[in-house]
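Listed below, chain by chain, are the residues.
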Amino acid sequence: MKQVLTIAGSDSGGGAGIQADIKTFQELSVFGTSVVTAVTAQNTLGVTDVAPVPVQNIEKQLQAVGEDFQIAALKTGMLFDAETIQTVTAWIRHYNWRNLIVDPVMIAKGGASLLQEEAKDALLQDLLPLAAVVTPNIPEAESLSGIRIHDARTRRNAAEKILQSGAKGVLIKGGHGKNPDFTEDFYLDQFGGTLVLKSPRIQTKHTHGTGCTFSAALTAELAKGRSFPDAFLTAKQFIQSAIEHALNIGAGHGPTNHGAYRHHTQKEAIRYVQ
């Protein structure tokens, strides 16, 4: 069984962060390890507190994983501050871990900041050069690129700008797009290659942890040696099923259904458009 790693924050509500990643890894038949960077107090209604884990402990967690497991792919989620980002980057380099997926967790669904403003430079300068793929949503892509996204042209411009950080590929998720009927996830790599996946928009408020879950699924599939287009498609199918078959838990933005993919894969609903 392939071994993977998530470096992210803990979600007490169980729908996002480390908890969502581990559930996704299990569903996709890879063995998940974890490094906790922050402990949040949150539920479907929002985040009420964030306590960063001391950097010394983060280092110890990274060493514990690196000394005993063969990590085939890994992802980062909530990293909170510049010191954490720099520490994580140093240890990724130390162990020469490949297939790094960077989910630039910056803002919670309820609007709470999950990445300090000064940490954005560290993310761009230190971590993204190691990334196989960075997976921002539209607001995160706008923040990282400084470009307002309102159509396909500006979306590509933002992706090109983010690629200047050194990341091998950028996948801008389309959940925040304006089309009421469809979403489009856009991928661009350093060689100008593009992929666009189009899927029906699901009208629901139960989308807590979608970004974490999607990037974890992508990590799992790359760890198994899947080609990027195949991994991208499976990750999209996984999150589409998780959103469509909602659990209806909580009074706010509820979690997705991580077990839905095994029973309700909607292959016919998702297609490449270029």
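Let me begin by describing the structure that accompanies this report. Remember, predicted model here, so these are calculated numbers, not experimental data.

**Overview of the overall build of the protein chain**
Along its length, the protein chain carries 9 helices and 10 strands. Its C-alpha radius of gyration of 17 Å places the protein chain within 12% of the 19 Å reference for a compact globule of 274 residues. Each principal axis of the C-alpha distribution contributes one length, and for the protein chain these read about 45 × 40 × 35 Å. Restricting the contact set of the protein chain to residue pairs at least 6 apart, pairs at least 24 apart contribute 69%.

**Observations concerning the packing of helix α2 (residues 55-66) against helix α3 (residues 82-95)**
Look at α2 against α3: their axes get within 10 Å of each other, and the N-to-C directions meet at 20°. Considering the angle they form, α2 stands roughly parallel to α3. Remark: the crossing between α2 and α3 carries right-handed chirality. Contacts between α2 and α3 involve Val55, Ile58, Glu59, Leu62, Gln63 and Gly66 on the former and, on the latter, Glu83, Thr84, Thr87, Val88, Trp91 and Tyr95.

**Looking at the packing of helix α5 (residues 138-145) against helix α6 (residues 152-163)**
α6 packs onto α5 with a crossing angle of 55° between their chain directions and a minimal axis gap of 9 Å. With respect to each other, α5 and α6 are oriented oblique. Viewed along their axes, α5 and α6 form a crossing whose handedness is left-handed. On the side of α5, the interface is formed by Ala141, Leu144 and Ser145, while α6 contributes Ala158, Lys161 and Ile162.

**A short note on the pattern of salt bridges**
Two side chains bearing opposite charge may form a pair once their charged atoms approach each other closely. Overall, the coordinates contain 9 salt bridges when judged by the stated rule. For the salt bridge of Glu221 with Lys224, the shortest nitrogen-to-oxygen distance reads 2.7 Å. One connected set of salt bridges, linked through shared partners, spans Glu221, Lys224 and Arg226.

**A short note on the environment of Ile249**
In this fold, Ile249 is placed in the loop between α8 (228-244) and α9 (261-264). Sequence separation of Ile249 and Gly15 is 234 residues, and the distance between their C-alpha atoms is 9.9 Å. Setting aside residues up to four positions removed in sequence, Ile249 forms contacts with Thr44, His206, Gly254 and Pro255.

**Focus: the packing of aromatic side chains**
Aromatic ring pairs: the centre-centre distance and the angle between the two ring planes describe each pair. Scanning the model with the defined rule gives 7 aromatic pairs in all. Ring centres 5.8 Å apart and planes at 40° place the aromatic pair Phe228 and Phe232 in the tilted group. Of the two residues, Phe228 and Phe232 are both situated in helix α8; the distance of 4 residues between them amounts to about one turn of the helix. Each member of the pair, Phe228 together with Phe232, is buried. In this arrangement the basic side chain of Lys198 is found over the ring face of Phe182, its NZ or CZ atom lying 4.5 Å from the centre.

**Topic: the environment of Pro129**
Examined against the element boundaries, Pro129 turns out to sit in the loop between α4 (119-127) and β6 (133-134). Separated by 118 residues in the primary sequence, Pro129 and Asp11 have C-alpha atoms spaced 27 Å apart. If near-sequence neighbours (up to four positions away) are discounted, Pro129 is found in contact with Leu124, Ser165, Gly166 and Ala167.

**A word on the pairing of strand β8 (residues 182-189)**
Burial runs high along β8: 6 of the 8 residues are buried. Pairing analysis gives 4 bridges linking strand β7 (residues 169-172) to β8, with the strands arranged antiparallel. Looking across to β8, one finds that Ile172 is bridged to Phe186. Both β8 and strand β9 (residues 194-200) contribute to a ladder of 7 bridges, which runs antiparallel. By the bridge assignment, Phe186 is partnered in β9 with Val196. Connecting β8 to the antiparallel partner β9 that follows it, the hairpin turn spans 4 residues, and Gly192 within it adopts a positive phi of roughly 85°.

Cut-offs applied
Residues numbered from 1 in each chain as written. Predicted model: local features only at pLDDT ≥ 70, side-chain atom pairs only at ≥ 80, totals over all residues. Heavy atoms only, no water. Helix = DSSP H or I, 4+ residues; strand = E, 2+ residues; numbered from the N terminus. Rg over C-alpha atoms; globule rule 2.2 N^0.38 Å. Contact = heavy atoms within 4.5 Å. Axes fitted to C-alpha atoms, helices over the stretch in contact; angles between N-to-C directions. Parallel < 35°, antiparallel > 145°, perpendicular 65-115°, else oblique. Left-handed = near helix turned anticlockwise from the far one by under 90°. Salt bridge = Lys/Arg side-chain N within 4 Å of Asp/Glu carboxyl O. Phe/Tyr/Trp six-rings, centres within 6.5 Å; stacked < 30°, edge-to-face > 60°. Buried < 20%, exposed > 50% of the residue type's maximum accessible area, 1.4 Å probe, protein only. Lys NZ or Arg CZ within 6 Å of the ring centre and 35° of its normal. Pairing = 2+ DSSP bridges.

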